[in-house]
Amino acid sequence: MKIAIIGAGNLGLAIAKGVLHSNGATTMYLTKRNTVEIQNFEKYGNVTVTSNNREAVKNSDVLIFAVQPGHFAAILEEIKDLLNENHVIISTITGFRISKMEAIIGSDQYIIRSMPNTAISVGNSMTCICTNELGKKRIDLAKAIFNRMGHSLEIPEEQMQAATVICASGIAFWMRLIRATTQGAIQLGFDAKEAQELAMHTCNGAANLLIDSGTHPEEEIDRVTTPKGCTIEGLNEMEHQGLSSSLIKGIVTSFEKINQIRKG
Ligand SMILES: NC(=O)C1=CN([C@@H]2O[C@H](COP(=O)(O)OP(=O)(O)OC[C@H]3O[C@@H](n4cnc5c(N)ncnc54)[C@H](O)[C@@H]3O)[C@@H](O)[C@H]2O)C=CC1
Ligand SMILES: O=C(O)[C@@H]1CCC=N1
């Protein structure tokens, strides 16, 4: 697979690391306006770093766009005459509708809209995807690419904004929960490094319990909460202080903001 990542910033580089991590490409182009900071990626023999988007498009089949929304239309204009039936166009751009892409490059292109998260760099992204009509023929390819770097789910385009909040912003939300747990562990006497180790591996274990067994969180909670024990005492205090409520309210506020940005 010949992959180009157009816009090697935070997310673009995370995808590049994920591709390298999973040996997912025969060749990979990384583009950015100023390439100095990412030149070191050329140490991987099959990677070319350039500021020339047209060169990247000419030499690749799978084009992954990870630029800021305000730059995307101009870049599509810049490369559209080079697109052919070998190209699969994957956008990660927040809020940029497929119809807007089709208005620039035409509907006769394989278009995939995706919403990965930065855990793609360690092969563990939750990635939501949807396609244009023609892109349905390449959905298996898109799933194969993203499943090598985590887990993917096909959703209707209307749910893309909500997926952005849960999956992309979600990384930040979970980080804060892990940090708060770490702070609690330090208060109980662990040093900072150990505290984080306990917090992140326990978080990982909790997620994997659900992923592997398919159980509901409350079922797993029931297994841990000894009657009159310490777990239920702590859990109830967290709920009295608004744990679930604050998370839900934060998610909804984030969703309102993303819709506001889109309208703006
Ligand atoms: N950061 C995240 O977790 C996620 C971000 N996204 C979306 O991905 C996109 C990128 O986000 P970030 O990586 O955070 O932004 P960023 O600003 O870190 O990266 C964008 C990159 O594009 C480059 N660029 C600008 N103009 C260019 C051009 N003409 N040709 C080639 N490269 C060009 C910039 O130099 C920069 O390195 C955004 O649309 C964002 O909404 C989507 C999911 C998650
Ligand atoms: O915070 C944001 O608006 C973008 C979208 C998802 C991740 N970063």
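One numbering rule holds for all chains: residues counted from 1, following each sequence as written. Lettering of chains starts at A and numbering of ligands starts at 1, both following the order in which they are written. Only residues with pLDDT of 70 or above have their local features reported here, since the model is predicted, and side-chain atom pairs are shown and tallied only from 80 upward, although totals for entire chains, interfaces and linings are computed over all residues. Each side-chain value is worked out from all heavy atoms of the structure, with water and hydrogens disregarded.

K.L.:
Would you mind going over the packing of aromatic side chains with me for this structure?
P.N.:
Given two aromatic rings, their pairing is described by the distance between the two centres and the angle made by the two planes. Under the pairing criterion, centres of Phe, Tyr and Trp rings, with the six-membered ring standing for Trp, must be within 6.5 Å; the plane angle then separates stacked pairs below 30 degrees from edge-to-face pairs above 60, leaving the rest tilted. The full count for this structure, using the stated rule, is three aromatic pairs. Consider the rings of Phe41 and Tyr44, whose centres lie 6.2 Å apart with planes at 50°: the pair is tilted. Looking at Phe41, the relative accessible area reads 8%, which means it is buried. Taking the centre distance of 5.3 Å and the plane angle of 55° together, the rings of Phe65 and Phe72 count as tilted. Members of the aromatic cluster, each reached through a chain of ring pairs, are Phe65, Phe72 and Phe96. Criterion for a charge above a ring: Arg CZ or Lys NZ at most 6 Å from the ring centre, at most 35 degrees from the ring normal. We note Lys100 situated over the ring of Phe96; from NZ or CZ to the ring centre the distance is 4.4 Å. Across from the ring centre of Tyr110, 4.0 Å away, lies the NZ or CZ of Arg138, which sits over that ring. For every residue, the accessible area obtained with a 1.4 Å probe (protein chains only) is divided by the maximum for its type, and the residue is called buried under 20%, exposed over 50%, and partly exposed between those limits.

K.L.:
Help me understand the sheet that holds strand E5 (residues 88–91), please; the structure alone is not making it clear to me.
P.N.:
For sheets, the rule is that strands pair by backbone hydrogen bonds, running either parallel or antiparallel. Strands are treated as partners if at least two bridges between them are detected by DSSP. We count a stretch as a helix when DSSP gives it H or I for four or more residues in a row; a strand needs E for two or more, and each element gets its number in order from the N terminus. Taken in spatial order, the eight strands of this open sheet run E3-E2-E1-E4-E5-E6-E7-E8, and their pairing is mixed. Two strands in the sheet have a free side with no partner beyond their single neighbour: strand E3 (47–50) and strand E8 (150–154). With direction set aside, neighbouring strand axes in the sheet form an average angle of 20°. Note on definitions: a residue-residue contact is assigned when non-hydrogen atoms from the two residues lie within 4.5 Å. An axis is simply a line fitted to the C-alpha atoms; with a helix, the fit covers only the stretch in contact. Between two such axes, the angle follows the N-to-C directions and lies from 0 to 180 degrees. Contacts from helix H3 (residues 69–79) reach strand E1 (2–6), strand E4 (62–65) and E5, with the element oriented near 155° to E4. Contacting E5, strand E6 (110–115) and strand E7 (125–131), helix H4 (residues 98–105) runs over the sheet at an angle of about 145° to E6.

K.L.:
What exactly am I supposed to notice about the side chain of Ser152 here?
P.N.:
Structurally, Ser152 is set in strand E8. On the basis of relative accessibility, which here comes to 11%, the residue Ser152 falls in the buried class. Within the structure, Ser152 has its side chain in polar contact with the side chain of Asn147 (distance 2.8 Å). For Ser152, the contacting residues outside a window of four places in its chain are Met126, Thr127, Ile129, Lys143, Phe146 and Asn147. We define a polar contact as two N or O atoms separated by no more than 3.5 Å, with the added condition that, inside protein, one atom must be a possible hydrogen donor and the other a possible acceptor, whereas residues neighbouring each other in sequence contribute only through side-chain atom pairs.

K.L.:
For this particular structure, what's the right way to read the UniProt feature "domain: Pyrroline-5-carboxylate reductase catalytic N-terminal" (unreviewed entry) in the protein?
P.N.:
UniProt positions are given in the numbering used here, feature names are shortened, and annotations may be inferred rather than shown by experiment. If you check UniProt for "domain: Pyrroline-5-carboxylate reductase catalytic N-terminal" (unreviewed entry), the listed places come out as residues 2–93 in our numbering. Overall, residues 2–93 shows 32% helix and 24% strand. The separation of its end C-alpha atoms is 21 Å.

K.L.:
Honestly, the site of ligand 1 in this entry has me stumped. Any pointers?
P.N.:
We define proximity as follows: a residue is near a molecule or strand when any one of its heavy atoms falls within 4 Å of that partner. Looking at ligand 1, there are 22 residues lining it, with Asn10, Leu11, Val67, Gln68 and Thr94 nearest. One of the side-chain nitrogen or oxygen atoms of Arg33 is found 3.4 Å away from a nitrogen atom of ligand 1. Note that an oxygen atom of ligand 1 is positioned 2.8 Å from one of the side-chain N or O atoms of Gln68. Calculation on ligand 1 without its partners gives an accessible area of 830 Å², and the protein chains cover 81% of this total. For the area figures, the Shrake-Rupley method with a 1.4 Å probe applies, and any residue is considered shielded solely by the protein chains shown.

K.L.:
Can you help me understand the domain arrangement of the protein in this one?
P.N.:
For the purposes of this description, domain bounds are those given by an automatic or database domain assignment. What the domain assignment reports for the protein is domain 1 (2–155) and domain 2 (164–263). Placing a centre on the C-alpha atoms of domain 1 and another on those of domain 2 gives a separation of 31 Å. Buried area adds together the accessible area that both of two parts lose upon being put together, with accessible area traced by a 1.4 Å probe. When domain 1 packs against domain 2, close to 600 Å² is buried across both sides, 70% of that on carbon and sulfur atoms. Salt bridge criterion: a side-chain nitrogen from Lys or Arg within 4 Å of a carboxyl oxygen from Asp or Glu. Counting across the domain 1 and domain 2 interface gives zero salt bridges. Between the two partners, domain 1 and domain 2, sit one residue pair in polar contact (both at pLDDT 80 or more). Looking at the side of domain 1 that touches domain 2 residue by residue, the classes come out as five nonpolar, four polar and one charged. In this classification, Asp, Glu, Lys and Arg are treated as charged, Ala, Val, Leu, Ile, Met, Phe, Trp, Tyr, Cys and Pro as nonpolar, and every other residue, Gly included, as polar.

K.L.:
What is the right way to read the UniProt feature "binding site: NADPH" (unreviewed entry) in the protein from this model?
P.N.:
With numbering aligned to this structure, UniProt lists the feature "binding site: NADPH" (unreviewed entry) at Asn53. Take Asn53: it is sitting in helix H2 (residues 53–58). Leaving out residues up to four positions away in the same chain, Asn53 has contacts with Ile6, Thr31, Ile75, Glu78 and Ile79.

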